[in-house]
Amino acid sequence: MSNMARLKTKFYQQNTFKLAQALLGKYIVRKYNKITLIGKIVETEAYYGPHDLASHASRGRTPKTEIMFKQAGLAYIYLIYGMYYCFNISTEKKDFPAAILIRAVEPIAGINQMIRNRYLKNKKFNPLITTYHLPLTKIANGPGKFCQAFKIDKNLNSENLITSKKLWLAKNSQEKIKSFQIIKTKRIGIDYAGKYKNKPWRFYLKNNTFVSKF
DNA sequence: CCTGGGATTTTCT
DNA sequence: GAAAATCCCAGGA
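Residues numbered from 1 in each chain as written. Chains lettered and ligands numbered in written order. Predicted model: local features only at pLDDT ≥ 70, side-chain atom pairs only at ≥ 80, totals over all residues. Heavy atoms only, no water.

1. Quick look at the protein's contact with DNA strand C
Step number 1: Taken together, 23 residues surround DNA strand C, and among them His56, Tyr78, Asn88, Gly144 and Tyr192 come closest.
Step number 2: Restricting attention to atoms of DNA strand C within 4 Å of the protein, one finds that 57% of them are sugar or phosphate atoms.
Step number 3: Glycine 144 has a polar backbone atom sitting 2.8 Å from a phosphate oxygen of DNA strand C.
Step number 4: Elements with a minimum of two residues in the surface near DNA strand C: β4 (75-80), β5 (84-90), β6 (98-109) and α4 (143-149).
Step number 5: Taken together, the residues of the surface near DNA strand C break down into 13 nonpolar, six polar and four charged. (Near = heavy atom within 4 Å. Polar contact = N/O pair within 3.5 Å; in protein donor to acceptor, adjacent residues only side chain to side chain. Helix = DSSP H or I, 4+ residues; strand = E, 2+ residues; numbered from the N terminus. Nonpolar A, V, L, I, M, F, W, Y, C, P; charged D, E, K, R; others polar.)

The following block contains the structure:
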């Protein structure tokens, strides 16, 4: 992990679709209570502009969607289906609504804690049990599961990833993803989005077993 | 393998 | 009051 360097402003200022692909293979670092969790991003989705019917921003600028209209590099976190959180990164310039949803990560460090975090809200959680089991590929293979594992919730909404001490992104300069390793396909769970529902704005690493859906 | 329904709460109409 | 960028489990083929 010695080659890990935090991603700075310039990285986030790329075009949303380029950034959604550049995020693949990068690391998410989460710190709380002296615990450090690290995951490698393997799947993203872009939500772009005021007309994208799959984007919350297509229904206007509201308190909820405000972060999507801010500058690049902020955490946009919302509650979905009353139960799960989704973590996004704001992109593009101020007043242009866009964001990238992190849909899946490969667990790298703090794996036992991630598994415990996943069970904490589960009805089957029993505080007397200290060891839970979950296959590595099912810890964070979905946007809701990832947030649960990494203890990401509304408290981190609007967090600045460039300066935060709790949540940021990093890269290992020795690791490079080539474009042939990236699958581009339609986004998940947005069948209501009319002509935007089939846009190939979902990106994931080819043959990667940590993605939410193949 | 697949399909369908329930959980749960914020947000906006 | 309805919908929602999800997840899990049950039941049938």
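2. Points about the protein's contact with DNA strand B
Step number 1: The environment of DNA strand B is made up of nine residues, and the closest members are Thr62, Tyr81, Gly82, Met83 and Lys154.
Step number 2: Contacts to DNA strand B include lysine 154, whose side-chain N or O atom sits 3.2 Å from a phosphate oxygen.
Step number 3: Within the surface near DNA strand B, the residues separate by chemical class into four nonpolar, two polar and three charged.

3. Some points on the packing of aromatic side chains
Each aromatic ring pair is characterised by the separation of its centres together with the angle its planes make.
Step number 1: What the rule picks out here adds up to nine aromatic pairs.
Step number 2: A ring pair is formed by phenylalanine 11 and tyrosine 12, whose centres lie 5.6 Å apart and whose planes are at 85°; its orientation type is edge-to-face.
Step number 3: According to the relative accessible area criterion, phenylalanine 11 is buried, its value standing at 13%.
Step number 4: Summarising the aromatic geometry, the rings of phenylalanine 17 and tyrosine 48 are spaced 4.8 Å apart at their centres and angled 50° between planes, so their arrangement reads as tilted. Of this pair, phenylalanine 17 sits in helix α2 (residues 16-22) while tyrosine 48 is found in strand β3 (residues 35-48), placing the two residues 31 residues apart along the sequence.
Step number 5: Residue class for phenylalanine 17 comes out buried when judged on its relative accessible area of 19%.
Step number 6: A connected cluster of aromatic rings, assembled from ring pairs, spans Phe17, Tyr48, Phe96, Tyr196 and Trp201.
Step number 7: Between the NZ or CZ atom of arginine 187 and the centre of the ring of tyrosine 47, over which it lies, the distance is 4.7 Å.
Step number 8: Geometry around tyrosine 196 places lysine 199 over its ring, the cationic atom sitting 5.3 Å from the centre. (Phe/Tyr/Trp six-rings, centres within 6.5 Å; stacked < 30°, edge-to-face > 60°. Buried < 20%, exposed > 50% of the residue type's maximum accessible area, 1.4 Å probe, protein only. Lys NZ or Arg CZ within 6 Å of the ring centre and 35° of its normal.)

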